[in-house]
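Coordinate inspection notes
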Amino acid sequence: MVDPRTAQNLRQWENKPSLRAVYQDLYRKMAGECLPGATLEIGGGSRNFKRYRNDVVTSDVVCAPWLDLVADAEALPFKAGVFSNIVMFDVLHHIEFPRTFFAEAQRVLRW
């Protein structure tokens, strides 16, 4: 089952070539800046970033069959230091407690 908001976002993606072009350029740039190693994508409901890197764990707070997990960015279900990168696009304003998220991001990133 796909969350209705996610389904709507996917329809917009499919129906707007100019939107796809902008996002694809940004995803390519993000992928090019990633360090070697595993990458966690927060808010990956659109399933787009994984097309640019195959070592991505996709997550979102809503369920979709293509996601690797459903998780809250403020309480990530990973051991410390397991990711080389965390990426997200158009997500931060959805996170209720950004400081909590940044502490979690620091915890799961490999330093």
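Residues numbered from 1 in each chain as written. Predicted model: local features only at pLDDT ≥ 70, side-chain atom pairs only at ≥ 80, totals over all residues. Heavy atoms only, no water.

This paragraph deals with the overall build of the chain. For the chain, the count of helices and strands is 3 helices and 4 strands. The order of helices and strands in the chain, counted from the N terminus, is α-α-β-β-β-β-α. By the compact-globule yardstick of 13 Å for 111 residues, the chain fits well, its C-alpha radius of gyration being 14 Å. Projecting the C-alpha coordinates of the chain onto the three principal axes gives extents of approximately 40 × 30 × 25 Å. Split into buried and exposed, the 111 residues of the chain put 37% on the buried side. Contacts in the chain between residues at least 24 apart in sequence constitute 50% of all its contacts with a sequence separation of at least 6. For the chain, the exposed surface amounts to about 6,800 Å²; the carbon and sulfur share of it is 56%. (Helix = DSSP H or I, 4+ residues; strand = E, 2+ residues; numbered from the N terminus. Rg over C-alpha atoms; globule rule 2.2 N^0.38 Å. Buried < 20%, exposed > 50% of the residue type's maximum accessible area, 1.4 Å probe, protein only. Contact = heavy atoms within 4.5 Å. Areas by Shrake-Rupley, 256 points an atom, 1.4 Å probe, with all protein chains shown as cover.)

This part takes up helix α3 (residues 98-108). Of the residues making up α3, those classed as buried are Phe101, Glu104, Ala105 and Val108. On an axial view of α3, the arc spanned by its buried residues comes to 100 degrees, and they lie on one face. Facing away from the buried side of α3 by over 90 degrees, the exposed positions are Arg99 and Gln106. Against the buried residues of α3 lie β4 (85-87). (Arc of directions from axis to C-beta.)

In short, shape yes, function no, at least from these values alone.
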